[in-house]
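Remarks on the overall topology
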Amino acid sequence: MATEQTPNLAADLERFVKEQASRFGDVISYVPVPLTVGSIVLPPAHTPLPVGDRKTAVVLDEGLAGLEAKLAPYKDEKWMSATSLDIMQQEIHDCQKCALGATRNKLVFGVGNQQSKVLVIGEAPGADEDEQGEPFVGRAGQLLNKMLAAVNFERSDVYIANILKSRPPNNRDPKPEEVAACEPYLWKQILLLQPKLILCLGRVAGTNMLKINESLGKMRGQIYDFHGIQLMVTYHPAALLRNPDWKHGAWEDLKKFRAMFEALG
Ligand code: URA
């Protein structure tokens, strides 16, 4: 492969590597993995993940059938018969299943490419999202866009949703009863979307999706199996805004996530 690269392609690759390193923010510096094309270090994001590196720590049922089973109690609710995300959004836009229905401005359903193999899951809408009805549109959202771009995803390439669809007052953590009321919606969205990869942003997203009581540190770096869908957990962009030193770890996670995406073929 190395000897087949034309000088122009090699220069393009080199530029690409540098761009990816700089797009993600000032704290990140590019750390090459030992994969080179001639003198060019390939973007690690394009490195297929060695099979031996794939750690399946938690297996939740066999594939999406397990998710369908979890939705069985809701089978008579109208939104359950939605055959598309757009229809489902119309069905639940005035949901009042939990107390947050009374205090929110707009329900934040989710946004993005409905054919995407990638689902990104955050915690809950903040003030900007509540105002606009779209996930990750505030400062954290701007950083999320940069994080995605750093590994060559446009925001519009992926689908983005949250554990909760309504804003908790003062951005407090979601309460268990709020998660219990709202998470079936996310499960149904997953069935409609059928992503191949899920990226959870932060501990709240990771622990609620996986139903485990782990620290973010323990979850990071693992590849979980969520009903047959590979799931990774990384830092929430809001945490990175507060702790810029963590960006380096996030960059490592995102490279691994991109490699998983490349490995899908
Ligand atoms: N934080 C989240 O977890 N989700 C959003 O949509 C915005 C901020």
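Model, not experiment: these values are computed from the prediction. (Residues numbered from 1 in each chain as written. Predicted model: local features only at pLDDT ≥ 70, side-chain atom pairs only at ≥ 80, totals over all residues. Heavy atoms only, no water.)

A look at the overall build of the chain
Check the secondary structure of the chain and you find eleven helices and nine strands. Expressed as a percentage of its 265 residues, the buried residues of the chain come to 50%. Counting only contacts in the chain whose residues sit at least 6 apart along the sequence, the fraction spanning at least 24 positions is 74%. Just so you have it, the chain exposes about 12500 Å², and 50% of that area is on carbon and sulfur atoms. (Helix = DSSP H or I, 4+ residues; strand = E, 2+ residues; numbered from the N terminus. Buried < 20%, exposed > 50% of the residue type's maximum accessible area, 1.4 Å probe, protein only. Contact = heavy atoms within 4.5 Å. Areas by Shrake-Rupley, 256 points an atom, 1.4 Å probe, with all protein chains shown as cover.)

Observations regarding the nonpolar core
One finds Val 120, Ile 121, Ile 190, Ile 198, Met 209, Phe 226 and Leu 231 to be the most contacted residues of the largest nonpolar core, which totals 67 residues. If one sorts the elements of this core by residue count, helix H7 (residues 176-193) sits on top with nine residues. (Core = buried A, V, L, I, M, F, W, Y, C linked by side-chain atoms within 4.5 Å.)

Some points on the site of the ligand
With respect to spatial proximity, the complete set of residues near the ligand consists of Gly 122, Glu 123, Ala 124, Glu 129, Pro 135, Phe 136, Asn 162 and His 236. Here an oxygen atom of the ligand sits 2.7 Å away from a polar atom, N or O, in the main chain of Glu 123. Measuring from an oxygen atom of the ligand, one finds a side-chain N or O atom of His 236 at 2.8 Å. Protein coverage of the free-state accessible area of the ligand, which is 230 Å², stands at 92%. The residue inventory of the shell around the ligand, partitioned by class, reads three nonpolar, three polar and two charged. (Near = heavy atom within 4 Å. Polar contact = N/O pair within 3.5 Å; in protein donor to acceptor, adjacent residues only side chain to side chain. Nonpolar A, V, L, I, M, F, W, Y, C, P; charged D, E, K, R; others polar.)

Details of the layout of surface pockets
In this structure, the largest pocket occupies an estimated 540 Å³ of space. Along its surface, the largest pocket is lined by 24 residues, and Glu 123, Ala 124, Asn 171, His 236 and Ala 238 are the ones closest to its centre. Put simply, the parts of the chain that give the lining of the largest pocket at least two residues each are helix H5 (127-132), helix H6 (139-150), helix H8 (203-210) and helix H10 (237-242). Grouping the amino acids of the lining of the largest pocket by side-chain chemistry returns eleven nonpolar, six polar and seven charged. (1 Å grid on protein atoms, 1.4 Å probe; cavity = no way out; pocket = protein on both sides within 12 Å on 5 of 7 lines; lining within 4 Å. Points joined across faces, edges and corners; volume = space filled by probe spheres on them.)

Quick look at the pairing of strand S7 (residues 197-201)
Counted residue by residue, S7 has five buried out of five residues, so it is predominantly covered. The two faces of S7 match: Leu 197, Leu 199 and Leu 201 on one face and Ile 198 and Cys 200 on the other face are all buried. Two elements, strand S5 (residues 118-122) and S7, share four bridges in a ladder whose sense is parallel. The residue of S7 that forms the bridge with Leu 119 is Ile 198. Bridge count for S7 against strand S9 (residues 229-234) is five bridges, and the pairing is parallel. Residue pairing across strands places Leu 199 opposite Met 232, the latter belonging to S9. (Pairing = 2+ DSSP bridges.)

Comments concerning the environment of Ile 223
Tracing the backbone through its elements, the reader meets Ile 223 in strand S8 (residues 223-226). Through-space distance from the C-alpha of Ile 223 to that of Met 260 is 9.5 Å; in sequence the pair is 37 residues apart.

Considering helix H11 (residues 247-264)
A rise of 1.5 Å per residue sets the reference length of H11, with its 18 residues, at 26 Å; its end C-alpha atoms lie 26 Å apart and thus fit the reference within 8%. Of the positions making up H11, those classed as buried are Lys 247, Gly 249, Ala 250, Trp 251, Asp 253, Leu 254, Lys 255, Phe 257, Arg 258, Ala 259 and Met 260. (Expected span 1.5 Å × (residues − 1).)

A short note on empty space enclosed by the protein
In total, this model carries two cavities of 30 Å³ or more according to the counting rule given. In this model, the largest cavity occupies a volume close to 90 Å³. Lining of the largest cavity is provided by 13 residues; of these, Cys 95, Cys 98, Ser 166, Cys 182 and Tyr 185 occupy positions nearest its centre. Among the elements that take part in the lining of the largest cavity, H7 stands out by supplying four residues, more than any other.

Geometric values such as these leave the question of function open.
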